[in-house]
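Listed below are the residues making up each chain.
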Amino acid sequence: MWARFWQSDGFWLFRRSPAAMLAAVVAVLILGGALLAPWLAPSNPYDLRTFDLMDGLLPPLWQGGDARFLLGTDDQGRDMVSSILYGARLSLLIGFSAMLIASVLGVSLGVAAGYWGGRFDAVVMRVADVQLALPAILTALLIDGIARGVLPRELHDDLRIPVLILAIALSLWVNFARTARASTFVERRKDYVEAAIIMGQHPLRIMARHILPNILGPLLVIMTVDLAAAILLEATLSFLGIGLPADSPSLGTLIRIGMQFLLSGEWWILWIPTLFLVALVVSINLLGDFLREVFNPRLR
Amino acid sequence: MAYFILKRLIQSVFVMLAVAFLAFALFRFVGDPISQMTGVETTLADQERLREDLGLNDPFLVQFARFTGKMLVGDFGFSYRTRQPIGEMLLSRIPATLELGTVALLISLIVGIPAGVYTALRPRGAATQAILISTLVGVSIPTFVIGIFLIFLFGVKLGWLPTFGRGGTVQFGWWRSSLFTVDGWRALVLPALTLGVYQLTLTMRLVRAEMMEVMRTDFIRFATARGLPMRALHYRHALGNTMIPVITIIGLQFGGVIAFSIVTESVFQWPGMGLLFLESIRFVDIPVMGVYLVVIAFFFVLINLVVDLLYLAIDPRLRVKEAA
Amino acid sequence: MLVVENLTVEFPGRHGVFTAVEGVSMTVAPGEIHGLVGESGAGKSTIGAAVIGLLQAPGRIAAGSLRLGETDLRALTPAEAHRIRGKRISMIFQDPQTSLNPLMTIEDQLIETILAHEDIGGAAARARALDLLGEIGIENAAARIGAYPHQFSGGMRQRVVIALALCTNPELIIADEPTTALDVAVQSQVLALLRRLADTRGIGFILITHDIGVIAEITDRVTVLRGGRVMEAGATAQVLGAPTHPYTRALMAAVPRIDRKLERFLLPAVEGDLPETPEAADEAEYAANWLLSGLRHADSGPVLEISGLSVRFKGTRTSLFHAPEPFAALSDIALTVQPGSVLGVVGESGSGKSTLARAIVGLVNPAAGAMRFAGEGLPYGRARARSHPVRRAIQMVFQDPYSSLNSRHRIGEILAEPLKLYGIERDPAQRRRIAGAMLALVGLAPDAIDRYPHQFSGGQRQRIAVARALLARPSFLICDEPTSALDVSIQAQVLNLLKDLQARFGLTILFISHNLAVVRQMADNIVVLKSGRIVEAGPSEAFFASPQHPYSVELLSLTPSLALLDGAA
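Keep in mind it's a predicted model, so treat the numbers as computed, not measured.

Quick word on the overall build of chain A
Right, on to step 1. Looking only at helices and strands, one finds 13 helices and zero strands in chain A.
Right, on to step 2. Going residue by residue from the N terminus, the α and β elements of chain A occur as α-α-α-α-α-α-α-α-α-α-α-α-α.
Right, on to step 3. Buried residues in chain A amount to 56% of all 300 residues.
Right, on to step 4. Contacts in chain A between residues at least 24 apart in sequence constitute 69% of all its contacts with a sequence separation of at least 6.
Right, on to step 5. As displayed, chain A has an accessible area near 13,000 Å², and 67% of this comes from carbon and sulfur atoms.

Here's the deal with empty space enclosed by the protein
Right, on to step 1. Taken as a whole, this structure holds six cavities of 30 Å³ or more when the rule is applied.
Right, on to step 2. Estimated volume of the largest cavity: approximately 70 Å³.
Right, on to step 3. Surrounding the largest cavity, Ala195, Ile198 and Met199 of chain A together with Ile394, Gln395, Met396, Phe398, Ala465, Arg468 and Ala469 of chain C form its lining.
Right, on to step 4. Looking at the lining of the largest cavity, the elements that each hand over two or more residues are helix H10 (191-199) of chain A together with strand E16 (394-397) and helix H16 (458-470) of chain C.
Right, on to step 5. Partitioning the lining of the largest cavity into residue classes produces eight nonpolar, one polar and one charged.

Focus on the interface of chain B and chain A
Right, on to step 1. Residue-level contacts link 47 residues of chain B with 39 residues of chain A.
Right, on to step 2. In this assembly, chain B packs against chain A so that about 3,900 Å² is buried in total across both faces, 80% of it on carbon and sulfur atoms.
Right, on to step 3. At the surface where chain B touches chain A, the tally comes to one salt bridge.
Right, on to step 4. Applying the counting criterion to the chain B and chain A interface returns three residue pairs in polar contact (both at pLDDT 80 or more).
Right, on to step 5. Counting only elements with at least two residues in the side of chain B that touches chain A, the list comes to helix H1 (2-29), helix H6 (126-140), helix H7 (143-157), helix H8 (182-215), helix H10 (230-268), helix H11 (273-282) and helix H12 (286-314) of chain B.
Right, on to step 6. Top contributing element to the side of chain B that touches chain A by residue count: H10 of chain B, with nine residues.
Right, on to step 7. Its residues assigned to classes, the side of chain B that touches chain A shows 36 nonpolar, six polar and five charged.

So, helix H9 (residues 160-188) of chain A
Right, on to step 1. Here H9 of chain A is 29 residues long and its end C-alpha atoms lie 41 Å apart, about the 42 Å a rise of 1.5 Å per residue gives.
Right, on to step 2. The sharpest bend along H9 of chain A reaches about 35° and sits at Leu172 of chain A.

Observations concerning the pairing of strand E7 (residues 172-176) of chain C
All names here are of chain C.
Right, on to step 1. Burial of E7 is extensive: five of the five residues sit out of reach of the surface.
Right, on to step 2. Where strand E6 (residues 89-92) and E7 come together, four bridges link them in parallel fashion. Within the sheet, the bridge partner assigned to Ile89 lies in E7 and is Leu172.
Right, on to step 3. One ladder, built from five bridges, connects E7 with strand E8 (residues 204-209); its direction is parallel. By the bridge assignment, Ala175 is partnered in E8 with Leu207.
Right, on to step 4. Once the chain exits E7 it traverses helix H7 (residues 184-201) before rejoining the sheet at E8, and the crossover so formed is right-handed.

Some details on the packing of H7 of chain B against H10 of chain B
All names here are of chain B.
Right, on to step 1. Contact pair H7 / H10: the axes reach a minimum separation of 9 Å and the direction vectors enclose 30°. Classified by the angle between their axes, H7 and H10 sit roughly parallel to one another. The chirality of how H7 crosses H10 is right-handed. Of the residues in H10, those touching H7 at Thr143, Phe144, Gly147, Ile148 and Ile151 are Phe260, Val263, Thr264, Val267 and Phe268.
Right, on to step 2. Here the residues of the contact of H7 with H10 are counted per class, giving seven nonpolar, three polar and no charged.

A short note on the confidence of the model for chain C
Right, on to step 1. Taken residue by residue, chain C gives an average pLDDT of 88. The fraction at 70 or more is 96%.
Right, on to step 2. Reported confidences for the modelled complex are a pTM of 0.85 and an ipTM of 0.84.

Structural notes on the domain arrangement of chain C
Residues and elements named next belong to chain C.
Right, on to step 1. Each domain of chain C was delimited in the assignment, giving domain 1 (1-88 + 170-254), domain 2 (98-169) and domain 3 (279-312 + 325-377 + 388-568).
Right, on to step 2. A straight line from the C-alpha centre of domain 1 to that of domain 3 covers 35 Å.
Right, on to step 3. Listed per partner, the contact involves 21 residues of domain 1 and 18 residues of domain 3.
Right, on to step 4. Carbon and sulfur atoms make up 62% of the surface buried where domain 1 meets domain 3, a total of about 1,600 Å² over both sides.

What to know about the pattern of salt bridges
Right, on to step 1. With the rule as written, the count across this model stands at 29 salt bridges over all chains.
Right, on to step 2. Among the salt bridges present, the one from Arg236 of chain B reaches Glu112 of chain C, with a minimum N-O distance of 2.6 Å. Within this pair, whereas Arg236 of chain B is found in helix H10, its partner Glu112 of chain C is found in helix H3 (residues 106-117), the two belonging to separate chains.
Right, on to step 3. Arg236 of chain B gets classed as partly exposed once you look at its relative accessible area, which sits at 45%.
Right, on to step 4. In this structure, Glu285 of chain C and Arg504 of chain C form a salt bridge, with 3.2 Å as the shortest nitrogen-oxygen distance. With a gap of 219 residues between them, Glu285 of chain C in helix H11 (residues 278-294) and Arg504 of chain C in helix H17 (residues 488-505) connect regions that are remote in the sequence.

Digging into the sheet that holds strand E5 (residues 71-72) of chain C
Residues and elements named next belong to chain C.
Right, on to step 1. Strand order in the open sheet formed by four strands is E2-E1-E4-E5, and the pairing between neighbours is antiparallel. Two strands bound the open sheet, and with one partner strand each, they are strand E2 (16-28) and E5.
Right, on to step 2. The pairing of strand E1 (residues 2-13) with strand E4 (residues 60-68) spans seven bridges and is classified as antiparallel. Looking across to E4, one finds that Glu5 is bridged to Ser65.
Right, on to step 3. Sitting on the sheet, helix H1 (residues 44-52) touches E1, E2 and E4, and the angle it makes with E1 is about 110°.

Some details on the packing of aromatic side chains
Right, on to step 1. Counted by the stated rule, this structure contains 15 aromatic pairs over all chains.
Right, on to step 2. Look at Trp271 of chain A and Phe149 of chain B: their rings are 6.0 Å apart centre to centre, the planes differ by 80°, and that puts the pair in the edge-to-face class. Here the residue Trp271 of chain A occupies a position in helix H13 (residues 267-295), and Phe149 of chain B occupies one in helix H7, the pair thus bridging two chains.
Right, on to step 3. The class for Phe149 of chain B is partly exposed, based on a relative accessible area of 42%.
Right, on to step 4. Relative to Trp160 of chain B, the ring of Phe154 of chain B lies with its centre 5.9 Å away and its plane at 45°, an arrangement referred to as tilted.
Right, on to step 5. Taken together, Phe21, Phe24, Phe64 and Phe67 of chain B form an aromatic cluster joined through their ring pairs.
Right, on to step 6. It is Arg188 of chain A that lies over the ring of Tyr115 of chain A; its NZ or CZ is 5.0 Å from the centre.

Let's talk about the interface of chain C and chain B
Right, on to step 1. Each side of the interface is counted separately: chain C has 33 residues, and chain B has 29 residues.
Right, on to step 2. For the chain C face of the interface with chain B, the top three residues by lost area are Phe93, Leu103 and His150 of chain C, together amounting to 23%.
Right, on to step 3. Applying the counting criterion to the chain C and chain B interface returns 12 residue pairs in polar contact (both at pLDDT 80 or more).
Right, on to step 4. Secondary-structure elements contributing two or more residues to the side of chain C that touches chain B are helix H2 (78-87), E6, H3 and helix H6 (154-166) of chain C.
Right, on to step 5. For the side of chain C that touches chain B, the leading source of residues is H3 of chain C, giving five residues.
Right, on to step 6. Residue composition of the side of chain C that touches chain B, by class: 15 nonpolar, 14 polar and four charged.

Describing a negative patch on the surface
Right, on to step 1. Residues Glu154, Asp157, Asp158 and Asp247 of chain A make up a contiguous surface patch of negative charge.
Right, on to step 2. With relative accessibility at 62%, the residue Asp158 of chain A sits in the exposed group.

Here we look at the packing of H7 of chain B against H8 of chain B
Residue and element names in this part refer to chain B.
Right, on to step 1. Where H7 meets H8, the axes come as close as 9 Å, and the angle between the chain directions of the two elements is 140°. As H7 packs across H8, the resulting crossing turns out to be right-handed. For the pair H7 and H8, the contacting residues are Thr143, Ile146, Gly147, Leu150 and Phe154 in the first and Leu190, Leu193, Thr194, Val197 and Tyr198 in the second.
Right, on to step 2. Partitioning the contact of H7 with H8 into residue classes produces seven nonpolar, three polar and no charged.

Rules of the game
- Residues numbered from 1 in each chain as written.
- Chains lettered and ligands numbered in written order.
- Predicted model: local features only at pLDDT ≥ 70, side-chain atom pairs only at ≥ 80, totals over all residues.
- Heavy atoms only, no water.
- Helix = DSSP H or I, 4+ residues; strand = E, 2+ residues; numbered from the N terminus.
- Buried < 20%, exposed > 50% of the residue type's maximum accessible area, 1.4 Å probe, protein only.
- Contact = heavy atoms within 4.5 Å.
- Areas by Shrake-Rupley, 256 points an atom, 1.4 Å probe, with all protein chains shown as cover.
- 1 Å grid on protein atoms, 1.4 Å probe; cavity = no way out; pocket = protein on both sides within 12 Å on 5 of 7 lines; lining within 4 Å.
- Points joined across faces, edges and corners; volume = space filled by probe spheres on them.
- Nonpolar A, V, L, I, M, F, W, Y, C, P; charged D, E, K, R; others polar.
- Buried area = accessible area lost by both parts, 1.4 Å probe.
- Salt bridge = Lys/Arg side-chain N within 4 Å of Asp/Glu carboxyl O.
- Polar contact = N/O pair within 3.5 Å; in protein donor to acceptor, adjacent residues only side chain to side chain.
- Expected span 1.5 Å × (residues − 1).
- Bend = angle between axes of the 7 residues up to and from the residue.
- Pairing = 2+ DSSP bridges.
- Right-handed = clockwise from strand over helix to strand, strands pointing away.
- Axes fitted to C-alpha atoms, helices over the stretch in contact; angles between N-to-C directions.
- Parallel < 35°, antiparallel > 145°, perpendicular 65-115°, else oblique.
- Left-handed = near helix turned anticlockwise from the far one by under 90°.
- pLDDT = per-residue confidence, 0-100.
- Domains from an automatic or database assignment.
- Phe/Tyr/Trp six-rings, centres within 6.5 Å; stacked < 30°, edge-to-face > 60°.
- Lys NZ or Arg CZ within 6 Å of the ring centre and 35° of its normal.
- Patch = residues over 30% accessible without salt bridge, like charges linked within 9 Å, V, L, I, M, F, W, Y side chains within 5 Å.
- Lys, Arg positive; Asp, Glu negative; His and termini not counted.
- Charge placed at Lys NZ, Arg CZ, Asp CG, Glu CD.

And the structure:
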C-alpha cells in the first residue's frame, strides 16, 4: 500500500510541483495549529477571565506591541494569535463536517441515479436543477433563515454550529451528485460492471465495491475544492452576521469584527485574520488543482 | 427542434413550480402567518376570522394553487416587517441588482474569455502561469474580502471612488438607473469589480479547460494537418466548439452573480434585492424570503432558456436532422 | 519523392527517454502506396506524425533526415512547416466521426482549406470542391455540399475527409488507419478509392495499419515495424509471400486465414508467460481436474435453443406528439447450440450480434420469443432472479480486456469472486489455491495473483477474463468479440487458448465476431446476422466453401484476400 503510494505517478508529480508542496505545507501547518489550538494558543478567547480590556488594541510585536501578544490584540484585549487559531479550528470543523455530509449525501444519490437511471435519476436530477437555480450561498442563507423561523431563539443560538453545517452541506451536495452521476454513468457501461450484473451480484455491492473505487479520483478533487468552498461559505455567512456570533468567532466573524477598524489605524485586527483565511483557502485550492491534474492527465 | 425547445420549456415550468412550492411551504409552515400579522391585542376570535378570510383553513393544494395564481398576476403578498406589498418593494430594488449583475457579468466575460483562450493556446508560457496563479488566488479570496480591499484601497487610501450607495440615478418609469450619470458609474465601479472578479476567474478557467480539450480533438489535428491558418484554426474551429459548454456555464453563472450580489450589496450598502433579502432573513420576514426565491429562480430559468436558444443557433446537430 | 533516413524519435518522460522510433529508413515514390504495418507500440503512427511535423509533445526527432523532393523537412521553421502541411503533405485520420468540425458545413471546410493554400477566389474554390466530391464518389454533390458532417454516414464521411486531404493537391498523403473504424464493405470501397487516387493523380501514400489484409489488398511496398525498428521492408508480394525475418514470419503465421481453418497457430513463447516447468504443469493439472470434477454435461439435447427472439429499443424522441419509432435490434431469431460445439455469429456493426449475447445473459429485455437453456425455460432479463442457476452456468468473455476487469481489484480478488458468489468454495485459502491453479491453466505465472490488471498486457488480461469465466464452472461460454481489441499475435494466443480449452473440456461456446477469418478458426456452425435478422445459418466449413445468401457471398468476397501469404507458412 505505502510502496504503491511512494511509487505512484501522483507522488512523483507532487515532488515535481513546488506549488503543491508549498500548499501542502501551509495546509498541514494551519490544520495542525487549528487542531492543537487548546495547547498551542497562549490564551482561550472564549474565556472572559483570560483577557483584559486594559490590553486592548495593542499592535503586533514588530510594530512596538507587547511581548505577550505576537500579533497584537483586538479591542477587547483578546490575543490575536489565540483568536485566529481558535477561529481556524471552528472554520475547519464546520468546513470539514459540511463537506463530508455533502459528499456522503451527494455521492450516494449520484451513484444510485447514474446506476439505475430512469425515473429515480430523473427525480434526483430535477431536484438538482432546482438546487442549481438557487446558488449555494442563497441556499445556505435560506436554511439558516428557516432555522431561525422554526427554532425557538435560545435553541437556535445553541444549535448555530449544526445549523450552519447543515446549511452549507445542503448547498454543496449537488456538485458531488452531478460528478458522481456522470462518472457512474460512464462506469456503468463498462464491461466489468456488466460482468458483475450478469453474475447476479447485488446492486448495492456493485455500486460500493466496483463502481465507487473507480470514480474516487474526480470525487477527491471535488472534495478538496468543496472543502475550500465550504470554508469560504462559512466565512461569508459569518461575515454577513448570519453565521457565528462574536463570542465564538470563526475566521469570518473575526474579519467582520475587524471591518469596524477599517478606517482607523488598527489594521491588524482586520488584515491578519483575512490573510490567514486566504492562505488557508489558496493552499486547499492549490492542492485541488494539483489533484485535478493527477486525475486528468490530459490537462498536463 | 420544436420538441427540444418545448421540452426545455416544460422543464422550466417544473423548476418554477418547485420553487414556488418551496416559497409557499416557507410561508405556510415556518412560523404561524397569523401571529406574525397580528399583534398581541388581537382576540382569538379575530385571529380565527382572519385565518378564514385568508383561506388558511382550505385544503393544502387549494392554498398552493391560490398562492401560485396570485403570483402569476403579480400579487406577492405583504411583508411582515414593513407591511408593504412585496411586489412594490422588489420592483424598486430589482434595477439596482440587475445593473450591478449585468456589468459584473460583462466584466467577467470580456476579460475572462480572452484570458482563457490565451492561456489555453500558450499552456506553458510564463504569462499563462502568472495568470493561472492569480486566478487561483482569485477563486480563493472571499468576495467580501475583495470588496473590503477595494474599499480600503480606492475609497480610504486613495479616495478616488465612493464606497457605498448608487450615486446619481436617473428615473425611467419605475426603473431607477445609475448607468446614465458619471456619478452613478463611479459608484458602480467598485461593487461591479468585486462581483466580477470572482466570476472572471471561473470563466477564465472554464474557457481554458474546454479549449484545451477541443485543441486535442481529431478535427483540430486534421485541420492542422491541412495547414489552415492558425487564426482560423484557433478562432473559427477551436473557439466555436469551445463556446457550447461555455455558454451553459455562463447561464449558471448568472445565478451565481445574482446570489453573490447579496454579499457585494452588503459590503457596499448597494440598495438592491440582495440587501432586502439579507434584511428579511435577519428579521425572519418569511414572505419576502419566499418571493425573493421565486424571482431569482425566474431569472435563472429565463437565462437558461436564452442559453438553449443560443445552442440552437450555434450547433447544427440540434437544428438539422441526421441523415439515415 | 519522400526519403526518410535513419529517423529516430524520442519521448522524454518520467522513466527516462523512451525511443519510439529508432533508425527507420523508407522511401515513397509518386503514385506508390507504402504500407507501414506493425502491432501496437511499433511506432508506425509516430513515423507518420514525424513526417508531417505533428509529433505530440514532448516527442522530438532525435536523429535522421526527412526530405520531400528537394525540401529538407527538418530544416524548416515552424511557419514554413505549417505552410507545407496541406499544400504538399496531407493526412487522413482513423475515425471519420471525429475528424470533421461538427459546426461547419462540408462546403465551408473545403473552401476554407483550398483558399488557405491558393488564392483563387471563392467561386473557383467552390467549383473545385464540387468536382472533388464528385470524383471521390459523393452522389449529387451540388446538393450535399451544404450539409453538415453529422448528416453523412460513416463511409461517406471518410470520403469527405479524403476530399479535404486532397483538395490542395498534395504530393503525399499519410493515411493513419483510414479504414479501421469502417465496416468491411465500406472499407473495400475506401481502399479502392485510395488506390485509384494513387494511380490517376500520382499521389504517394503512407498507409499506416495493423491489418495485414489491408496491406495485402492495396500497397505496393511495405515496411514491417516492431518496437520502433524496421524488421523487414520491400515489395508487398515479396515481404508477405516470402518473409525472411523471423518476426515477420511469426506475424504472418498468426494471421487468421479466411480460406482455411488451422488447428492451432504456431507461435513463439512470450515474455511474462508461464514457463513450461513441471510445477506449472502440476498447477494447470490441478485446475483442470477441479474444472472437470465440476463440469456437468447435459447428456442429450441442445444447450441453448432460441426461437422467435426479438429485441426492440426505444427510438430517440423528437416530437412531443408522436411516439418515437422503436428500433428493431433483433427480429425473429431462431438458433440452437449443441453441447460441445462452437456456434459462430458474424455480422457488421449494428447487425445485432452483441444484442443477442446481451439478451441471452439477461442484460437486455427481449420483446418477444422464447429461450431455453439445457431444456429449461430461460426468464427474460428483468424477470431473471439474481440467484438463478443460469447465472453461473452461462459465463461471458468481453471484447475490451481493458474494461472487463475492475482496475481497483487484485487479480486474486477478481478470480475469487465467482467462487465466492456462487458458493462453489467457502474456504478463502482454498479459493486462492484454485484461482492460482486456474492462472497456470490459462498460461500465466503464479505471482499474477497479487497484481493489479494494469500490470498486464491486453492479451494477458483477456486470459485472466477467461480464467474468471472458467472459475464459475460454466456449461456455456459466450465470447463477444474476444480478440478484436488485440494485436494479431496476441489474438492468435487467445484463440489458441480457447481452442485448447474447448477441446479439452468440451466447452460449448457462442463466438461472436465481425471478422470472418477469426470465426472460421473457431466455429463448427455459423449464423450470419444482417440488420437484426439471420440471413444464413449452417455448418461452418460448408458456409465458407459455398455461401448461399447473396449477402454472405458479398461479405466473403469483400474481406481482403490473403492469397499473397501462400508462399509463407
